[in-house]
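Here are the chains, one letter per residue:
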Amino acid sequence: MRRLLLVVLLLVGCREGGPDRAPAVADTAAIRLTGDSLRAAIRDTIRALPDSADAFGGLRVRLLGPVAGLPDPLWAVWPSAMFTAELPAFINLYTRTPGGGWRTVARQPLGGSVIDSQIDSVAQTDLNPSRLWLQVGGPAGAHAYSYQLMSFDGWTWTYEADAFSSDGVWPARLRDADGDGKPDLWREATDFYVFCYACGVRRYDTELLRWTGAGFDTVRLSQPPPTVPLTASWLTDRALALARADLWMDARDTA
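The text that follows walks through the structure, step by step, so that each part is easy to find. (Residues numbered from 1 in each chain as written. Predicted model: local features only at pLDDT ≥ 70, side-chain atom pairs only at ≥ 80, totals over all residues. Heavy atoms only, no water.)

Next up on the list: the packing of aromatic side chains. Using the criterion set out here, one finds seven aromatic pairs in the structure. Where tryptophan 211 meets phenylalanine 216, the ring centres are 5.2 Å apart and the plane angle is 65°; that geometry is what we call edge-to-face. Here the aromatic residues Trp133, Trp211 and Phe216 are joined through ring pairs into a cluster of three or more. Above the face of the tyrosine 197 ring, arginine 202 is positioned so that its terminal group lies 4.8 Å from the ring centre. (Phe/Tyr/Trp six-rings, centres within 6.5 Å; stacked < 30°, edge-to-face > 60°. Lys NZ or Arg CZ within 6 Å of the ring centre and 35° of its normal.)

Structure representation (C-alpha coordinates):
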(Lines give C-alpha, C1' and ligand atoms only; values in the text may rest on other atoms or scores of the structure.)
Protein backbone atom coordinates (compact mmCIF):
# COMPACT_ATOMS: atom_id res chain seq x y z
CA MET A 1 0.00 0.00 0.00
CA ARG A 2 2.82 2.39 0.89
CA ARG A 3 4.48 1.64 -2.43
CA LEU A 4 1.27 2.46 -4.32
CA LEU A 5 0.83 5.69 -2.36
CA LEU A 6 4.40 6.68 -3.18
CA VAL A 7 3.75 6.08 -6.89
CA VAL A 8 0.65 8.28 -6.71
CA LEU A 9 2.54 11.03 -4.93
CA LEU A 10 5.37 10.99 -7.43
CA LEU A 11 2.87 11.90 -10.13
CA VAL A 12 2.53 15.32 -8.48
CA GLY A 13 5.87 16.24 -9.98
CA CYS A 14 5.78 14.03 -13.06
CA ARG A 15 2.79 14.88 -15.23
CA GLU A 16 3.52 13.77 -18.77
CA GLY A 17 1.19 13.61 -21.74
CA GLY A 18 0.64 11.33 -24.71
CA PRO A 19 -0.67 7.82 -25.19
CA ASP A 20 1.12 4.53 -24.72
CA ARG A 21 1.52 3.67 -28.38
CA ALA A 22 2.09 0.15 -29.65
CA PRO A 23 5.46 -0.41 -31.35
CA ALA A 24 5.45 1.44 -34.66
CA VAL A 25 5.05 -0.66 -37.80
CA ALA A 26 7.89 -0.24 -40.29
CA ASP A 27 6.86 2.42 -42.81
CA THR A 28 7.69 0.41 -45.95
CA ALA A 29 6.47 1.05 -49.48
CA ALA A 30 4.43 -2.17 -49.39
CA ILE A 31 2.52 -1.07 -46.30
CA ARG A 32 1.84 2.36 -47.80
CA LEU A 33 0.57 0.82 -51.02
CA THR A 34 -1.66 -1.61 -49.11
CA GLY A 35 -3.09 1.24 -47.07
CA ASP A 36 -3.80 3.21 -50.25
CA SER A 37 -5.51 0.14 -51.70
CA LEU A 38 -7.74 -0.17 -48.65
CA ARG A 39 -8.69 3.51 -48.75
CA ALA A 40 -9.59 3.24 -52.42
CA ALA A 41 -11.59 0.04 -51.87
CA ILE A 42 -13.83 1.41 -49.12
CA ARG A 43 -14.08 5.02 -50.22
CA ASP A 44 -17.10 4.35 -52.44
CA THR A 45 -18.93 2.68 -49.55
CA ILE A 46 -18.88 5.92 -47.54
CA ARG A 47 -21.34 7.95 -49.58
CA ALA A 48 -21.00 11.06 -47.41
CA LEU A 49 -17.30 11.43 -48.22
CA PRO A 50 -17.05 14.37 -50.67
CA ASP A 51 -15.26 13.97 -54.00
CA SER A 52 -12.21 16.03 -53.08
CA ALA A 53 -8.54 15.26 -52.57
CA ASP A 54 -8.68 16.57 -49.01
CA ALA A 55 -11.57 14.27 -48.13
CA PHE A 56 -9.79 11.28 -49.64
CA GLY A 57 -6.72 12.05 -47.57
CA GLY A 58 -8.98 12.39 -44.53
CA LEU A 59 -9.55 8.63 -44.41
CA ARG A 60 -6.85 7.22 -42.12
CA VAL A 61 -5.65 3.60 -42.01
CA ARG A 62 -3.43 1.69 -39.61
CA LEU A 63 -1.99 -1.81 -39.72
CA LEU A 64 -2.62 -3.44 -36.32
CA GLY A 65 -0.56 -5.98 -34.46
CA PRO A 66 -1.75 -9.61 -34.28
CA VAL A 67 -4.53 -10.52 -31.82
CA ALA A 68 -5.48 -14.10 -30.94
CA GLY A 69 -8.67 -15.19 -32.68
CA LEU A 70 -8.77 -12.26 -35.13
CA PRO A 71 -7.67 -12.19 -38.79
CA ASP A 72 -4.05 -11.30 -39.45
CA PRO A 73 -3.19 -8.86 -40.87
CA LEU A 74 -5.89 -6.57 -39.52
CA TRP A 75 -6.35 -2.93 -40.58
CA ALA A 76 -8.24 -0.13 -38.82
CA VAL A 77 -9.87 2.70 -40.78
CA TRP A 78 -11.34 5.95 -39.45
CA PRO A 79 -12.05 9.49 -40.72
CA SER A 80 -9.69 12.25 -39.62
CA ALA A 81 -12.05 15.00 -40.82
CA MET A 82 -14.48 16.75 -38.48
CA PHE A 83 -17.59 14.67 -37.89
CA THR A 84 -20.90 15.79 -39.37
CA ALA A 85 -24.41 14.40 -39.54
CA GLU A 86 -23.52 13.04 -42.98
CA LEU A 87 -20.10 11.74 -41.94
CA PRO A 88 -20.39 10.39 -38.36
CA ALA A 89 -17.54 8.97 -36.31
CA PHE A 90 -16.55 5.36 -36.88
CA ILE A 91 -13.71 2.86 -36.64
CA ASN A 92 -13.92 -0.09 -39.04
CA LEU A 93 -11.74 -3.19 -39.23
CA TYR A 94 -10.74 -4.92 -42.48
CA THR A 95 -8.60 -7.84 -43.57
CA ARG A 96 -7.28 -9.06 -46.92
CA THR A 97 -9.03 -11.84 -48.84
CA PRO A 98 -7.07 -14.61 -50.63
CA GLY A 99 -7.92 -12.95 -53.95
CA GLY A 100 -6.35 -9.65 -52.93
CA GLY A 101 -9.61 -7.90 -52.07
CA TRP A 102 -10.88 -6.68 -48.71
CA ARG A 103 -13.32 -8.14 -46.19
CA THR A 104 -15.05 -6.17 -43.45
CA VAL A 105 -14.33 -7.66 -40.01
CA ALA A 106 -16.23 -5.12 -37.90
CA ARG A 107 -17.93 -1.75 -38.14
CA GLN A 108 -18.20 0.48 -35.08
CA PRO A 109 -20.02 3.84 -35.08
CA LEU A 110 -18.77 5.99 -32.22
CA GLY A 111 -22.14 7.58 -31.50
CA GLY A 112 -22.11 6.51 -27.83
CA SER A 113 -18.48 7.46 -27.30
CA VAL A 114 -16.96 10.58 -25.74
CA ILE A 115 -15.16 11.08 -29.08
CA ASP A 116 -17.74 13.40 -30.59
CA SER A 117 -16.01 15.79 -33.00
CA GLN A 118 -12.83 14.34 -34.53
CA ILE A 119 -10.36 11.45 -34.24
CA ASP A 120 -6.71 12.45 -34.39
CA SER A 121 -5.08 9.44 -32.72
CA VAL A 122 -5.65 5.68 -32.67
CA ALA A 123 -3.12 3.58 -30.74
CA GLN A 124 -3.20 -0.17 -30.15
CA THR A 125 -2.34 -1.44 -26.67
CA ASP A 126 -2.08 -4.90 -25.05
CA LEU A 127 -4.15 -4.74 -21.90
CA ASN A 128 -5.47 -8.28 -22.35
CA PRO A 129 -4.24 -10.62 -25.12
CA SER A 130 -7.68 -12.11 -25.75
CA ARG A 131 -9.03 -8.87 -27.24
CA LEU A 132 -8.08 -6.04 -29.56
CA TRP A 133 -7.53 -2.86 -27.52
CA LEU A 134 -7.54 0.62 -29.05
CA GLN A 135 -6.89 3.97 -27.40
CA VAL A 136 -8.76 6.64 -29.35
CA GLY A 137 -8.31 10.36 -28.85
CA GLY A 138 -9.61 13.54 -30.37
CA PRO A 139 -10.12 17.26 -29.74
CA ALA A 140 -13.34 18.53 -28.23
CA GLY A 141 -14.47 22.14 -28.23
CA ALA A 142 -12.00 25.02 -28.20
CA HIS A 143 -9.23 23.51 -26.05
CA ALA A 144 -10.41 20.17 -24.64
CA TYR A 145 -9.45 16.59 -25.47
CA SER A 146 -11.36 13.30 -25.18
CA TYR A 147 -10.07 9.76 -24.72
CA GLN A 148 -11.82 6.41 -25.26
CA LEU A 149 -10.40 2.98 -24.44
CA MET A 150 -12.18 0.35 -26.55
CA SER A 151 -11.95 -3.42 -26.86
CA PHE A 152 -13.13 -5.89 -29.52
CA ASP A 153 -13.47 -9.63 -28.83
CA GLY A 154 -14.26 -10.70 -32.38
CA TRP A 155 -17.99 -10.10 -32.00
CA THR A 156 -18.65 -7.05 -29.85
CA TRP A 157 -17.06 -3.64 -29.30
CA THR A 158 -17.01 -2.45 -25.68
CA TYR A 159 -16.27 1.03 -24.33
CA GLU A 160 -14.05 0.11 -21.39
CA ALA A 161 -13.11 3.55 -20.03
CA ASP A 162 -13.07 7.18 -21.04
CA ALA A 163 -11.42 10.40 -19.94
CA PHE A 164 -11.63 14.12 -20.65
CA SER A 165 -9.30 17.07 -20.17
CA SER A 166 -10.24 20.71 -20.55
CA ASP A 167 -6.60 21.62 -21.20
CA GLY A 168 -6.11 19.77 -24.48
CA VAL A 169 -3.64 17.23 -23.00
CA TRP A 170 -3.91 13.46 -23.49
CA PRO A 171 -6.17 12.73 -20.49
CA ALA A 172 -5.31 9.09 -19.74
CA ARG A 173 -2.36 6.71 -19.94
CA LEU A 174 -1.68 3.06 -19.19
CA ARG A 175 1.10 2.46 -16.64
CA ASP A 176 1.97 -0.36 -14.26
CA ALA A 177 1.44 1.28 -10.85
CA ASP A 178 2.48 -1.51 -8.48
CA GLY A 179 4.95 -3.66 -10.42
CA ASP A 180 2.62 -6.62 -10.96
CA GLY A 181 3.27 -6.59 -14.71
CA LYS A 182 -0.28 -5.45 -15.55
CA PRO A 183 -1.00 -1.95 -16.86
CA ASP A 184 -3.24 0.32 -14.80
CA LEU A 185 -5.16 3.28 -16.19
CA TRP A 186 -4.19 6.72 -14.91
CA ARG A 187 -7.00 9.17 -15.70
CA GLU A 188 -6.83 12.96 -15.64
CA ALA A 189 -9.16 14.52 -13.07
CA THR A 190 -7.75 18.04 -12.83
CA ASP A 191 -10.16 20.94 -12.36
CA PHE A 192 -9.13 23.62 -14.85
CA TYR A 193 -11.99 25.94 -13.85
CA VAL A 194 -11.25 26.72 -10.20
CA PHE A 195 -12.08 30.37 -10.98
CA CYS A 196 -12.17 30.41 -14.78
CA TYR A 197 -10.15 28.61 -17.46
CA ALA A 198 -8.22 31.73 -18.49
CA CYS A 199 -7.39 32.53 -14.85
CA GLY A 200 -4.82 29.72 -14.91
CA VAL A 201 -5.60 28.36 -11.42
CA ARG A 202 -5.66 24.55 -11.46
CA ARG A 203 -6.58 21.92 -8.90
CA TYR A 204 -4.47 18.98 -10.03
CA ASP A 205 -5.88 15.52 -9.50
CA THR A 206 -5.66 12.07 -11.06
CA GLU A 207 -7.52 8.76 -10.76
CA LEU A 208 -6.09 5.25 -10.82
CA LEU A 209 -8.18 2.41 -12.28
CA ARG A 210 -7.17 -1.26 -12.18
CA TRP A 211 -8.26 -3.88 -14.71
CA THR A 212 -9.99 -6.81 -12.97
CA GLY A 213 -10.46 -9.02 -16.00
CA ALA A 214 -14.07 -7.93 -16.40
CA GLY A 215 -13.77 -4.15 -16.11
CA PHE A 216 -11.98 -1.30 -14.35
CA ASP A 217 -12.22 -0.63 -10.60
CA THR A 218 -11.12 2.66 -9.05
CA VAL A 219 -8.18 2.27 -6.67
CA ARG A 220 -8.67 4.34 -3.52
CA LEU A 221 -6.12 5.29 -0.89
CA SER A 222 -6.70 3.21 2.24
CA GLN A 223 -5.10 2.30 5.53
CA PRO A 224 -2.31 -0.31 5.47
CA PRO A 225 -3.12 -3.82 6.76
CA PRO A 226 -2.26 -4.72 10.40
CA THR A 227 0.69 -6.83 9.22
CA VAL A 228 2.64 -3.71 8.16
CA PRO A 229 5.38 -2.76 10.67
CA LEU A 230 4.36 0.00 13.08
CA THR A 231 6.92 2.54 11.81
CA ALA A 232 5.88 2.13 8.17
CA SER A 233 2.20 2.13 9.19
CA TRP A 234 2.57 5.41 11.07
CA LEU A 235 4.31 7.09 8.13
CA THR A 236 1.67 5.82 5.71
CA ASP A 237 -1.15 7.01 7.96
CA ARG A 238 0.50 10.43 8.14
CA ALA A 239 0.92 10.58 4.34
CA LEU A 240 -2.71 9.53 3.84
CA ALA A 241 -3.97 12.24 6.17
CA LEU A 242 -1.96 14.88 4.30
CA ALA A 243 -3.08 13.59 0.91
CA ARG A 244 -6.74 13.65 1.93
CA ALA A 245 -6.25 17.26 2.97
CA ASP A 246 -4.85 17.97 -0.54
CA LEU A 247 -1.37 18.62 0.91
CA TRP A 248 0.20 16.38 -1.71
CA MET A 249 3.74 17.74 -1.60
CA ASP A 250 3.88 17.32 2.17
CA ALA A 251 2.45 13.82 1.77
CA ARG A 252 5.11 12.97 -0.81
CA ASP A 253 7.88 14.13 1.53
CA THR A 254 6.41 11.99 4.32
CA ALA A 255 6.14 8.87 2.16
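Pairing within the open sheet is antiparallel, and its four strands lie in the order 5-6-7-8. The sheet is open, and its two edges are formed by strand 5 (121-125) and strand 8 (157-165), each paired on a single side. With strand direction ignored, the average angle separating the axes of adjacent strands in the sheet is 20°. By the bridge criterion, eight bridges tie strand 7 (residues 144-152) to strand 8 in an arrangement that is antiparallel. Looking at strand 8, one finds that glutamine 148 is bridged to aspartate 162. (Pairing = 2+ DSSP bridges. Helix = DSSP H or I, 4+ residues; strand = E, 2+ residues; numbered from the N terminus. Axes fitted to C-alpha atoms, helices over the stretch in contact; angles between N-to-C directions.)

Here the structure, examined in full by the defined rule, presents one disulfide. Cysteine 196 shares a disulfide with cysteine 199; S-S distance 2.1 Å. Looking along the S-S bond of the cysteine 196-cysteine 199 disulfide, the torsion reads about 95°, which is the right-handed sense. (Disulfide = S-S within 2.5 Å.)

Quick look at the pairing of strand 7 now. The buried fraction of strand 7 amounts to nine of the nine residues, a majority that puts the element mostly inside the structure. Neither face of strand 7 is open: one carries Ala144, Ser146, Gln148, Met150 and Phe152, the other Tyr145, Tyr147, Leu149 and Ser151, and all of them are buried. In the sheet, strand 6 (residues 132-140) pairs with strand 7 via nine bridges, with the strands oriented antiparallel. Directly across from glutamine 135, in strand 7, lies its bridge partner leucine 149. Linking two consecutive strands that pair antiparallel, namely strand 6 and strand 7, is a turn of three residues; a positive phi of about 70° is found at glycine 141 within it. (Buried < 20%, exposed > 50% of the residue type's maximum accessible area, 1.4 Å probe, protein only.)

This part takes up a nonpolar patch on the surface. Together, Val194, Phe195 and Val201 make up an exposed nonpolar region whose accessible area comes to about 270 Å². Position of phenylalanine 195 relative to the elements: it lies in the loop between strand 10 (184-188) and strand 11 (206-211). Judged by relative accessible area, phenylalanine 195 falls into the exposed class, the value being 63%. (Patch = residues over 30% accessible without salt bridge, like charges linked within 9 Å, V, L, I, M, F, W, Y side chains within 5 Å. Areas by Shrake-Rupley, 256 points an atom, 1.4 Å probe, with all protein chains shown as cover. Salt bridge = Lys/Arg side-chain N within 4 Å of Asp/Glu carboxyl O.)

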